[in-house]
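Take a look at the letters that make up each chain.
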Amino acid sequence: MLFVCPHGVGTSSLIQAQLQHLLPRDLKIQIISQANLAQQDLTAVILIISTVKLPVQAVPVAQSKGVQIIGLTNVSYSQAVASRHASGKRLFEIADLVLDNHGSIGDAACQLQGAPQKVGPTSTVIGAAILNNIVVEACQRLVQRSDGDAPVFYSTNLDGGDAQNQHLMQEYQGMIHYRF
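I'm lost on the overall build of the protein chain in this one. Help?
What the protein chain contains, in helices and strands, is six helices and seven strands. Mapped from its N terminus to its C terminus, the protein chain presents α and β elements in the order β-α-β-β-α-β-α-α-β-β-β-α-α. When each of the 180 residues of the protein chain is scored for burial, the buried share is 27%. Here the contacts in the protein chain between residues at least 6 apart in sequence split such that 55% fall between residues at least 24 apart. Summed over all atoms, the accessible surface of the protein chain reaches about 12,300 Å², with 55% contributed by carbon and sulfur.

Here you go:
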């Protein structure tokens, strides 16, 4: 996993530490600066997280190394503004698969009385819903392939959820590297 930030220090180190507690122990999280992305070997990278406007800059580098690009973006908003990248391209134009959040132009939903701009971006909640839907679909396919007995974690807020998850952890301990 690659975490790209403006300079490769500061907040990204804090986020890296938090992610490392949630992800498999053997998953390496490397922090690099935005300027060093072009020199980075992306062949083994499974995910790029960025705090800077990076997707269009990262796509050609990643694609040249055989990495498949999935862009989560607002296509109508992107079409309404000029690209800020030297190529003139926008993420939806170069990604291998585009997931459109169908947000409004400006990514804001609420007009403030007396203010010219809207506030209240919708991309965060819609993006989370899209990604959660992908998880739901993946679990549904897993259930169908396993005749209903799929190893899917339960909510820890359900009675017995912790015990069920502990059972799954024991049964699949050789495949799961998460820490609780």
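What should I look at first to understand the pattern of salt bridges in this one?
Summed over all chains, the structure comprises two salt bridges. With its nearest N and O atoms 3.1 Å apart, the salt bridge here joins Glu93 to Arg90. The class for Glu93 is partly exposed, based on a relative accessible area of 35%. A relative accessible area of 18% means that Arg90 is categorised as buried. The partner of Arg141 in a salt bridge is Glu137, and the shortest N-O contact between them spans 2.9 Å. Here Arg141 and its partner Glu137 are both found in helix 5 (residues 123-145), four residues apart, which amounts to about one turn of the helix. What makes Arg141 exposed here is its relative accessible area of 53%.

Help me understand the side chain of Asn101 in this model?
With respect to the helices and strands, the residue Asn101 is situated in the loop between strand 5 (97-100) and strand 6 (110-111). Engagement of the side chain of Asn101 in a polar contact is seen with the backbone nitrogen of Gly103, the distance being 2.9 Å. Discounting chain neighbours no more than four positions away, the residues touching Asn101 are Thr73, Asn74, Ser123, Ile126 and Ile130.

Quick question: what am I supposed to make of the side chain of Thr73 here?
For Thr73, the location among the structural elements is in strand 4 (residues 70-73). A distance of 3.5 Å separates a polar atom in the side chain of Thr73 from a polar atom in the side chain of Ser78. Residues contacting Thr73, with those up to four places away along its chain left out, are Ser78, Leu91, Phe92, Val98, Leu99, Asp100 and Asn101.

Can you help me understand helix 5 in this one?
In an α-helix there are 3.6 residues to a turn, and that puts residues three or four apart on one side. In this model, helix 5 (23 residues) spans 33 Å end to end at C-alpha, consistent with the 33 Å of a helix rising 1.5 Å per residue. Downstream of helix 5 by a residue or two, Asp147 has a phi angle that is positive, lying close to 55°.

What exactly am I supposed to notice about the pairing of strand 4 here?
Within a regular strand, side chains alternate between the sheet's two faces. Residue alternation in strand 4 divides its side chains into a buried set, Gly71 and Thr73, and an unburied set, Ile70 and Leu72. Relative to strand 5, strand 4 is paired through four bridges, and the arrangement is parallel. By the bridge assignment for strand 5, Thr73 is matched with Asp100.

What counts, and where the lines are drawn
Residues numbered from 1 in each chain as written. Predicted model: local features only at pLDDT ≥ 70, side-chain atom pairs only at ≥ 80, totals over all residues. Heavy atoms only, no water. Helix = DSSP H or I, 4+ residues; strand = E, 2+ residues; numbered from the N terminus. Buried < 20%, exposed > 50% of the residue type's maximum accessible area, 1.4 Å probe, protein only. Contact = heavy atoms within 4.5 Å. Areas by Shrake-Rupley, 256 points an atom, 1.4 Å probe, with all protein chains shown as cover. Salt bridge = Lys/Arg side-chain N within 4 Å of Asp/Glu carboxyl O. Polar contact = N/O pair within 3.5 Å; in protein donor to acceptor, adjacent residues only side chain to side chain. Expected span 1.5 Å × (residues − 1). Pairing = 2+ DSSP bridges.

That is the geometry; function is a separate question.
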